[in-house]
Amino acid sequence: MLRSKTGGRVLRAYGDREGDGMVQLSFTLAILPGDRAREAAKRFAEAHGLLNPLVVTMEQASPEHSYFVAYGHSQHSVDVDAIHVEELSAKELSREDIEASAKKLGRKIVVVGACTGSDAHTVGIDAIINYKGYRGDKGLESYKSFDAHNLGAQVENEELVERVLALGADAVLVSQIITQRDCHKENGRALVEMVEKRGFRERVLLLFGGPRIDNKLARELGFDAGFGPGTLPSKVAAYVVSEVLRKEGLE
Ligand code: B12
């Protein structure tokens, strides 16, 4: 195990043996397969810092493009002990625990979710809310203790806020997939400001999710929590039930 000057664990990529630094780089270039294309791919990989790259894949990907995979030595490493991540402190709860905890409230937990702004990617929010769920983990609609509303795609913040107030929601689930020109940050921040302006920030939990969202970013934007790629609905259910009970002084 490599150590940094301060004694931290330093990791290099594992290829054939620990720390040999072997990595794969995959990319597409506008050139058809051939000897020149292979050399171009090799030089492209070298330009990215890979030493002695071997072009292990070269396949035509379109009438004008080829797809390449280069395998070579990376010189870089990462000091993992120097990394501080603001992790979500959510308890792991089984479905039974979630339903039993929610009973203490004496009513259903109301959640409203949407993919907001111009974003039309509904698969993520559907995965969390809809009955079918994600990777065998059923969505919030499947919990007896949840009253879940999925407003779908391209919902404006104003419309979301109106529905949240009309339904007396406990939690708002905002999904942002598109991140071009940081529109996810702008859109998320605008929602938080709107909720604050309307005077009900203390009454609702604000959850932010998407492939490029993490807890740190969500907190910076003013949300209570952030959920990234691979999130399972049960994790969201456990977080919401715990936080709603805590807010109501029942935990
Ligand atoms: C399917 C898809 C589409 C479909 C969407 C259909 C639909 N009904 O959703 C269509 C064809 C419409 C589409 C259109 C576009 N797309 Co598109 N699309 C994708 C694709 C292939 C898959 C996305 C997906 O479904 N993922 C699966 C779900 C399950 O994962 P997820 O969204 O990450 O959700 C999980 C977590 O993030 C989390 N989560 C998500 N939201 C929330 C919310 C909360 C509250 C919580 C708790 C958790 C949570 O939980 C989920 C489950 O674990 C991606 C590429 C990719 N492979 O990811 C591109 C991608 C997202 N699209 C992209 C682009 C650019 C577009 C277009 C702009 C293309 C164009 N030029 O027209 C348009 C934009 C349309 C619009 N107005 O939004 C880019 C986005 C780039 C960026 N970072 O901004 C991507 C990354 C492709 C790429 N590599 O360039 N797209």
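In this text the structure is predicted, and so the values were computed from the model without any measurement.

Calculation notes
- Residues numbered from 1 in each chain as written.
- Predicted model: local features only at pLDDT ≥ 70, side-chain atom pairs only at ≥ 80, totals over all residues.
- Heavy atoms only, no water.
- Axes fitted to C-alpha atoms, helices over the stretch in contact; angles between N-to-C directions.
- Helix = DSSP H or I, 4+ residues; strand = E, 2+ residues; numbered from the N terminus.
- Parallel < 35°, antiparallel > 145°, perpendicular 65-115°, else oblique.
- Left-handed = near helix turned anticlockwise from the far one by under 90°.
- Contact = heavy atoms within 4.5 Å.
- Nonpolar A, V, L, I, M, F, W, Y, C, P; charged D, E, K, R; others polar.
- Donors = N, O, S within 2.8 Å, 3.2 Å for Na, K, Ca; no water.
- Near = heavy atom within 4 Å.
- Polar contact = N/O pair within 3.5 Å; in protein donor to acceptor, adjacent residues only side chain to side chain.
- Domains from an automatic or database assignment.
- Pairing = 2+ DSSP bridges.
- Buried < 20%, exposed > 50% of the residue type's maximum accessible area, 1.4 Å probe, protein only.

Moving on: the packing of helix H2 (residues 95–103) against helix H7 (residues 233–247). Here H2 crosses H7 at 25°, and the two axes come no closer than 10 Å. On the basis of their axis angle, the class for H2 and H7 is roughly parallel. Of the two elements, H2 crosses H7, and the hand of that crossing is left-handed. Note on element contacts: H7 touches H2 through Ser 234, Ala 237, Ala 238, Val 241 and Leu 245, opposite Ile 98, Ser 101 and Ala 102. Here the contact of H2 with H7 is composed, by residue class, of six nonpolar, two polar and no charged.

Just one protein atom donates to the cobalt atom of the ligand; it is His 121 (NE2), sitting 2.2 Å from the metal. Structurally, the position occupied by His 121 is in the loop between strand E7 (109–115) and helix H3 (123–129).

Now for the packing of helix H4 (residues 157–167) against helix H5 (residues 183–197). It is at 10 Å that the axes of H4 and H5 come closest, and there the two elements cross at 40°. With respect to their mutual orientation, H4 and H5 come out oblique. The two elements H4 and H5 meet at a crossing, and its hand is right-handed. For the pair H4 and H5, the contacting residues are Asn 157, Glu 158, Leu 160 and Val 161 in the first and Asn 187, Ala 190, Leu 191, Met 194 and Val 195 in the second. Residue composition of the contact of H4 with H5, by class: six nonpolar, two polar and one charged.

As a structural note, the neighbourhood of the ligand is formed by 28 residues, with Ala 120, His 121, Thr 122, Ser 175 and Thr 231 the closest of them. One nitrogen or oxygen atom from the main chain of Ala 120 is found 2.7 Å from an oxygen atom belonging to the ligand. Here an oxygen atom of the ligand sits 3.4 Å away from a polar atom, N or O, in the main chain of Gln 180. Every element with two or more residues in the shell around the ligand is listed here: H3 and strand E9 (171–175).

The next point concerns the domain arrangement of the protein. Domain annotation of the protein identifies domain 1 (2–80) and domain 2 (95–247). Placing the centre of domain 1 and that of domain 2 at their C-alpha centroids yields a distance of 38 Å.

Bringing the sheet that holds strand E1 (residues 2–3) into the picture now. On the basis of which strands lie adjacent, the open sheet formed by three strands has the order E1-E2-E6 and antiparallel pairing. If you trace the sheet from one side to the other, it starts and ends with E1 and strand E6 (78–79), each paired once. Taken together, the two bridges between E1 and strand E2 (residues 9–11) define a ladder with antiparallel strand orientation. In the strand pairing of E2, Arg 3 is matched with Arg 9.

If you trace the backbone, Ala 153 turns up in the loop between strand E8 (146–150) and H4. For Ala 153, a relative accessible area of 32% gives the class partly exposed. Taking the C-alpha atoms as reference points, Ala 153 and Asp 119, 34 residues apart in sequence, are found 6.5 Å from one another. With sequence-adjacent residues up to four places away left out, Ala 153 is seen in contact with Cys 115, Asp 119, Ala 120 and Thr 122.

Attention shifts here to the sheet that holds strand E5 (residues 66–73). Taken together, the three strands give an open sheet; going across it, the order is E3-E5-E4, and neighbouring strands pair in antiparallel fashion. Strands with a single pairing partner mark the edges of an open sheet, and in this sheet they are strand E3 (22–29) and strand E4 (51–60). Direction aside, the axes of adjacent strands within the sheet are offset by 20° on average. As judged from the eight bridges shared by E3 and E5, these two strands associate in the antiparallel manner. The partner of Leu 25 across the bridge, within E5, is Ala 70.

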